[in-house]
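Descriptive structure summary
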Amino acid sequence: MTILNRFTELRTDIADWRRDLHANPELGFNVHRTAELVAEKLKAFGVDEVVTGIGTTGVIGVIKGKQTNPARVVGMRADMDALPVVETTGLPYASKIEGRMHACGHDGHTAMLLGAAKYLSETRDFNGTSVVIFQPAEEDACGARAMIDDGMMERFGIQEVYGMHNLPGVPVGKFVIRPGPFLAASDWFTIEIEGRGGHAAFPNACIDPTVIGTQMVNALQLVVSRAIAPVDSAVVSITLFHTGGDSFNVIPQTLHMKGTVRTLDAGVQGLIEEQMNHIVDHTAKAFGARAVLNYQRGIPVTRNTERETSFAADIAAEVVGEQHVDRNWPPLLGGEDFSYMLNARPGAFIFLGNGNTAGLHHPQFDFNDEAISFGCSYWARLAERAMPAD
Ligand code: NI
């Protein structure tokens, strides 16, 4: 087990940065204070180049090694944004802003990558370039794409890219990862049914969208259980079911539904979209109604590449010992917009245990400062091993 000594020394400072970020959460692309603080610290550490305003409020730090092999440029990414959640932790450093909270631990991710940037600027014990990426708007699932669309990969010559997130329920000092699909593609849809409204005592004169809608909800549940192979994973959830009416004795004219589809495979994703179109169209027609499915593809599957995943797991094992690394953790059907970065470059996303805390996005959640030394050591060793000095 190799916690780098420097992080034992820096741990209190890094925890202080983390708690300051925790007390001052910001949302989406509006992470102005956070981005400014990150940029100031990177400059103070002596990072070679600090660029703000990438993809609106993203920040990039470029740290050159003692030798600078131009073929080796490694990107390491942290997310900076918080959530619209009312914090109930009662902690001394709880959110000062009502209705906003670092309920996903992005405060910890940002602080750990800052700690690693400080270390790498001090030691520069690698042959290549470390690029630290501080991303806005992960929760809105559009910050990573905004930075990529802004030319981040080409401009800084990034050749491989790594991401890390904390995970409650996994012990502190443990890492979990897997090659291939790790997190789900996250799509959303709406369904609009148009029936024929009228008097609730004369249903024969109406086309009742509520009854048709319930048939549709049931049929949609059969897509996962009957159309998808039993060993494949998928979720179809209806999250809103709202008739156009508000009365005891009126059959409404319309019905509105919303929901999400999660998949780990493009074939399964395509099949679900196709089946949903059939079900919505034919169920409506069977009862003489009209219905429209609007299906929108959201963030893609977070797919870890084989070589980089095995490398990342080796680094984690160097930090915490092989017995504390699970290299074949089951996929999760949550989504993560780091997927866009993995579609652009090879790399790997890893989870770091947050211990027995409240779950992600819960009002009692808090990033576990005990995890800091592990996360920072992982980043530092990853840069040093990916670009070994002569
Ligand atoms: Ni998160």
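Criteria and cut-off values
Residues numbered from 1 in each chain as written. Predicted model: local features only at pLDDT ≥ 70, side-chain atom pairs only at ≥ 80, totals over all residues. Heavy atoms only, no water. Helix = DSSP H or I, 4+ residues; strand = E, 2+ residues; numbered from the N terminus. Buried < 20%, exposed > 50% of the residue type's maximum accessible area, 1.4 Å probe, protein only. Contact = heavy atoms within 4.5 Å. Areas by Shrake-Rupley, 256 points an atom, 1.4 Å probe, with all protein chains shown as cover. Core = buried A, V, L, I, M, F, W, Y, C linked by side-chain atoms within 4.5 Å. Expected span 1.5 Å × (residues − 1). Phe/Tyr/Trp six-rings, centres within 6.5 Å; stacked < 30°, edge-to-face > 60°. 1 Å grid on protein atoms, 1.4 Å probe; cavity = no way out; pocket = protein on both sides within 12 Å on 5 of 7 lines; lining within 4 Å. Points joined across faces, edges and corners; volume = space filled by probe spheres on them. Nonpolar A, V, L, I, M, F, W, Y, C, P; charged D, E, K, R; others polar. Pairing = 2+ DSSP bridges. Axes fitted to C-alpha atoms, helices over the stretch in contact; angles between N-to-C directions. Domains from an automatic or database assignment. Buried area = accessible area lost by both parts, 1.4 Å probe. Salt bridge = Lys/Arg side-chain N within 4 Å of Asp/Glu carboxyl O. Polar contact = N/O pair within 3.5 Å; in protein donor to acceptor, adjacent residues only side chain to side chain.

Turning next to the overall build of the protein. Looking only at helices and strands, one finds 10 helices and 16 strands in the protein. A principal-axis box enclosing the C-alpha atoms of the protein has dimensions of 80 × 45 × 40 Å. Taken over 390 residues, the protein has a buried fraction of 53%. Long-range pairs, those at least 24 residues apart, make up 82% of the contacts in the protein between residues at least 6 apart in sequence. Taken as a whole, the protein presents about 16,000 Å² of accessible surface, with 51% of it coming from carbon and sulfur.

Right, let's talk about the nonpolar core for a bit. With 64 residues, the main nonpolar core has Leu42, Met76, Phe134, Tyr162, Phe175 and Tyr378 as its most contacted residues. Counting residues per element, this core draws most heavily on helix α10 (residues 372-386), which supplies nine residues. Beyond its immediate sequence surroundings of up to four residues, Met76 is in contact with Leu113, Leu120, Ser130, Val131, Val132, Ile133, Tyr162, Trp379, Leu382 and Ala383.

Moving on to the environment of Asp232. Its location among the elements puts Asp232 in the loop between α6 (209-227) and β10 (234-243). Its relative accessible area of 37% is what places Asp232 among the partly exposed residues. In this structure, the C-alpha to C-alpha distance between Asp232 and Thr263, residues 31 residues apart in sequence, is 8.7 Å.

Before going further, it helps to spend a moment on unusual backbone geometry. Residues other than glycine seldom take positive phi values, yet Thr56 does so here, at roughly 80°. Its location among the elements puts Thr56 in the loop between β1 (49-54) and β2 (58-64). One non-glycine residue, Ala137, lies in positive phi territory at about 50°.

Between its terminal C-alpha atoms helix α8 (residues 306-320) stretches 21 Å, which fits the 21 Å expected from 15 residues at 1.5 Å a residue. Within α8, burial applies to Glu308, Thr309, Phe311, Ala312, Ala313, Ile315, Ala316, Ala317, Val319 and Val320. Buried residues belonging to α8 abut β5 (160-167), β6 (175-176), β14 (302-304), β15 (325-326), β16 (347-353) and α10. Once α8 ends, the next one or two residues include Gly321, with phi positive near 95°.

Another point: the packing of aromatic side chains. Throughout the structure, instances matching the rule amount to eight aromatic pairs. Judged by centre distance (5.4 Å) and plane angle (75°), the rings of Phe182 and Phe351 are edge-to-face. Separated by 169 residues along the polypeptide, Phe182 in strand β7 (residues 180-183) and Phe351 in strand β16 bring together distant segments of the chain. The same class applies to Phe182 as to Phe351, namely buried. Members of the aromatic cluster, joined through ring pairs, are Phe182, Phe338, Phe349 and Phe351.

Turning our eyes to something else, we now look at empty space enclosed by the protein. With the rule as written, the count across this model stands at one cavity of 30 Å³ or more. By volume, the largest cavity is sized at about 40 Å³. Taken together, Arg77, Ala78, His109, Met112, Leu113, Met164 and Trp379 make up the full set of residues lining the largest cavity. Broken down by secondary-structure element, the contributors of at least two residues to the lining of the largest cavity are β3 (73-79) and α3 (106-123). Per-element tally for the lining of the largest cavity: the top contributor is α3, with three residues. Here the lining of the largest cavity is composed, by residue class, of five nonpolar, one polar and one charged.

As summarised here, the arrangement of the eight strands in space is β1-β2-β4-β3-β5-β16-β6-β15, forming an open sheet in which the pairing is mixed. Where the open sheet ends on each side, the last strands, each with one partner, are β1 and β15. Looking at chain direction, β3 and strand β4 (residues 129-135) are connected through seven bridges and run parallel. Bridge pairing in β4 places Asp79 opposite Gln135. Sitting on the sheet, α3 is in contact with β2, β3, β4, β5 and β16, with an inclination near 145° to β3. Along the sheet face, α10 touches β3, β4, β5, β6 and β16 and points at about 165° away from the line of β5.

It is worth spelling out the layout of surface pockets at this point. The computed volume of the largest pocket comes to approximately 540 Å³. Lining the largest pocket are 25 residues, and of these Glu138, Ile299, Gly334, Gly335 and Glu336 sit closest to its centre. Of the residues assigned to the lining of the largest pocket, the class counts are 11 nonpolar, seven polar and seven charged. Two domains share the lining of the largest pocket, each providing at least three of its residues, namely domain 1 (5-182 + 301-386) and domain 2 (185-297).

Attention now goes to the domain arrangement of the protein. Split into domains, the protein comes out as domain 1 (5-182 + 301-386) and domain 2 (185-297). Distance from the C-alpha centre of domain 1 to the C-alpha centre of domain 2: 39 Å. Both sides together, the interface formed by domain 1 and domain 2 hides about 570 Å², and carbon and sulfur atoms give 71% of it. Together, Pro181, Val301 and Leu333 form the three largest contributors to the area buried by domain 1 at its contact with domain 2, with a combined 76%. The interface formed by domain 1 and domain 2 holds zero salt bridges in total. There are one residue pair in polar contact (both at pLDDT 80 or more) connecting domain 1 and domain 2. Partitioned by chemical class, the residues of the side of domain 1 that touches domain 2 number five nonpolar, two polar and one charged.

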